[in-house]
Structure formats: structure tokens, C-alpha cells
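Fold and contact review
Chain by chain, the residues:
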Amino acid sequence: MKARTRQNTSRRAEILRSAVAAFRRRGYHGASVDEIARTLGMTKGNLYYYFKNKEEILFFCHDWSLDILLDRLAEVEEAGGPPDRQLRRLIVAFVHMIIDELHGTALTMDLQALSPARLRRVIAKRDRFDRGLRHIVQEGMEAGVFARGDPKLAAFAVLGAVNWITRWYDPRGPKGSEEIGRAMADMVLDGLRGRP
């Protein structure tokens, strides 16, 4: 990758992190492009060099987050192993992304603010992650590692539990992403195994 391209990619990632933090504090409609730029020591004009408008920033927040999740899913699938180990790794990576990359901002935030074409692209990536997660759960059920049940419903429960972190997570709290990720993975796996 050329130095200029690397620099642009790095700057875009910084902008996305700033935007995610602003969206978490004020919501998509409450956060301004000025606020996002000011946090980075940029002018609004500088920011528009990287993104056309606030909606494009929101889209790239979703797109970037889903790319991270799909990369983690691919790593878990390539590593192989028993379904419970795969699911544990995926949940821990998902929690890490929500807390450390997105700073506690939901992947589901303000989807309705996206244009129909961008929304379709986000939903397509989200569905790919959902199918991968569901496949791991289904393999675990078929192998007898998890109790029999509806893999789709189980996958939705996992997604709901992890995405709900954004409602209660406080960065000033005593637990970090690693500890929260392990605890959530333990609870999810115990539930899927059907232990009392």
C-alpha cells in the first residue's frame, strides 16, 4: 500500500473513531460534523476531504465495524476446532470490538438515517455475520456440544446479549473488554449447553 493511501486510511479510521464517540454521546442527529472535526483538531472542510457528509460517516462506521466482525468470523472459521471454542473466540472478539473499537456504541445505531442503497449494503454484511454465527451454533447442536434447539433463535440471543452491552457499559467501570468478553462467553456457552 502506498504511503499516501495508508495515511488516508489511517486518518479515515481516526475520523470514524471520533464519530463513533460523538454518536455515542449525542446520537447521530445530535452530533455535528463540527464536533467530530474539532475533536481531531480538524476543520469541517478538512473532514469533508475524507467524507462527503455525516451520512457517509455513519455508513462507514457501520461498514468498518462489520468488516472487523467479518474478519474475526473468518479467523475463527479458519482456526477451526470444536464449535464451543469457536463461539467463545467469536463472542470475546465481538465484545472487544463493541467496547474497545466502538467505545460502547451500538452496531444498530441510527440505521434509519442511511439511504436505502447504503442500508442494503449494511444489512447484507450483517446477515453474513449472522449466518456465520448461526452456522457455528448449528454445528454445536449437531455435534451434541450444545443442547438441541433453534440455531437461528440462539444466534439472535447471542447478538442481542452482546449488542445490549451498549446500554449498560460504562468505561469508568471496573471491568474491561477482556473480562466482560470471557464472562459473557461463559454465560452464553453454559446456556447453550443446557446446564442447570
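Notes on the structure in this doc start here. Each chain carries its own residue numbering, running from 1 in the direction its sequence is written. Given that this is a predicted model, residues contribute local features only at a pLDDT of at least 70 and side-chain atom pairs are listed and counted only at 80 or more, while totals for whole chains, interfaces and linings are drawn from all residues. To get the side-chain values, all heavy atoms of the structure are used, and hydrogens and water are removed first.

**Overview of helix 4 (residues 54-79)**
Heads up, the condition is: For the purposes of this entry, the term helix denotes a DSSP run of H or I that reaches at least four residues, the term strand denotes a run of E that reaches at least two, and both are numbered from the N terminus. One less than the number of residues in a helix, times 1.5 Å, gives the span that helix is expected to have. N or O atoms within 3.5 Å of each other form a polar contact, as long as, within protein, one can give a hydrogen and the other can take it, and as long as residues adjacent in sequence are counted only when both atoms are side-chain atoms.
Relative to the 38 Å expected for 26 residues at 1.5 Å per residue, helix 4 spans 38 Å between its end C-alpha atoms, a close match to the ideal helical length. N-capping of helix 4 is provided by Asn53, with a side-chain oxygen placed 3.2 Å from the backbone N of Glu55. Where helix 4 terminates, the next one or two residues include Gly80, which has phi positive at roughly 65°.

**Overview of the packing of aromatic side chains**
Where we set the bar: Centres within 6.5 Å are what make two rings of Phe, Tyr or Trp a pair, Trp counting through its six-membered ring; a difference in plane orientation under 30 degrees is then read as stacked, over 60 as edge-to-face, and the rest as tilted. For every residue, the accessible area (1.4 Å probe, protein chains only) is compared with the maximum for its type, and the residue is labelled buried under 20%, exposed over 50%, or partly exposed between those bounds. Our definition puts a charge over a ring when NZ of Lys or CZ of Arg is within 6 Å of the ring centre and also within 35 degrees of the ring normal.
Tallied over the full model, the rule gives four aromatic pairs. For the ring pair Tyr49 and Tyr50, a centre distance of 4.9 Å and an interplane angle of 90° mean the geometry is edge-to-face. Between Phe59 and Phe60, the aromatic rings sit 5.3 Å apart at their centres with planes inclined by 75°, giving edge-to-face as the arrangement. What makes Phe59 buried here is its relative accessible area of 2%. Looking at Phe60, the relative accessible area reads 23%, which means it is partly exposed. Aromatic ring contacts, followed pair by pair, group Phe51, Phe59 and Phe60 into a single cluster. Directly above the ring of Phe51 sits Arg12, whose terminal nitrogen or CZ lies 4.4 Å from the centroid. A cation sits over an aromatic face here: Lys54 above Tyr28, 4.6 Å from the ring centre.

**Comments concerning the packing of helix 5 (residues 83-101) against helix 6 (residues 116-143)**
To be explicit about the condition: Only the stretch in contact is used when a helix axis is fitted, and all axes are lines through C-alpha atoms; the angle between N-to-C directions ranges over 0 to 180 degrees. The crossing is said to be left-handed when, going from far helix to near helix, the turn is anticlockwise and less than a right angle, and right-handed when the turn is clockwise. Any two residues having at least one pair of non-hydrogen atoms within 4.5 Å are treated as being in contact. Side-chain classes are defined by residue name, with Ala, Val, Leu, Ile, Met, Phe, Trp, Tyr, Cys and Pro counting as nonpolar, Asp, Glu, Lys and Arg as charged, and the others, Gly among them, as polar.
Where helix 5 contacts helix 6, the axes come no closer than 8 Å and their chain directions differ by 150°. Helix-helix and strand crossings are classified by hand; for helix 5 and helix 6 the assignment is left-handed. Counting all contacts with helix 5, which are made through Pro83, Gln86, Leu87, Leu90 and Phe94, the residues of helix 6 involved are Phe129, Leu133, Ile136, Val137, Glu139 and Gly140. Here the contact of helix 5 with helix 6 is built from residues that sort into eight nonpolar, two polar and one charged.

**Structural notes on the nonpolar core**
Going by this rule: Take the buried Ala, Val, Leu, Ile, Met, Phe, Trp, Tyr and Cys residues and link them wherever side-chain atoms come within 4.5 Å; each set so joined is a nonpolar core.
If you look at the biggest cluster of nonpolar residues, it comprises 58 residues, and the most contacted ones within it are Phe23, Leu87, Ile91 and Ile165. Listed by contribution, the elements that provide at least two residues to this core are helix 1 (3-30), helix 2 (33-39), helix 3 (44-50), helix 4, helix 5, helix 6, helix 7 (151-163) and helix 9 (177-193). When residues in this core are grouped by element, the largest group, eleven residues, is from helix 4.

**What to know about the environment of Leu90**
Tracing the backbone through its elements, the reader meets Leu90 in helix 5. By relative accessible area, which is 2% here, Leu90 ends up buried. C-alpha of Leu90 to C-alpha of Ala74: the two residues are 16 residues apart in sequence and 9.7 Å apart in space.

**Considerations on a negative patch on the surface**
The cut-off we apply is this: Excluding any residue in a salt bridge, patches collect residues exceeding 30% relative accessible area, merging like charges within 9 Å and nonpolar Val, Leu, Ile, Met, Phe, Trp and Tyr side chains within 5 Å. All accessible areas in this document rest on Shrake-Rupley with a 1.4 Å probe, and a residue is counted as covered only by the protein chains that are shown. Salt bridge criterion: a side-chain nitrogen from Lys or Arg within 4 Å of a carboxyl oxygen from Asp or Glu. Counted charges follow a simple rule, with Lys and Arg positive, Asp and Glu negative, and His plus the chain ends left uncounted. For charged residues, the charge sits on one atom: NZ in Lys, CZ in Arg, CG in Asp, CD in Glu.
Together, Glu77, Glu78, Glu139 and Glu142 line one region of the surface with negative charge. Every element with two or more residues in the negative patch is listed here: helix 4 and helix 6. By the secondary structure assignment, Glu77 is in helix 4.

**Considering the environment of Val33**
Residue placement: Val33 occurs in helix 2. Judged by relative accessible area, Val33 falls into the buried class, the value being 8%. Taking the C-alpha atoms as reference points, Val33 and Lys52, 19 residues apart in sequence, are found 11 Å from one another. When near neighbours in sequence (up to four residues on either side) are disregarded, Val33 contacts Lys44, Leu47, Tyr48 and Lys54.

Geometry only, nothing functional implied.
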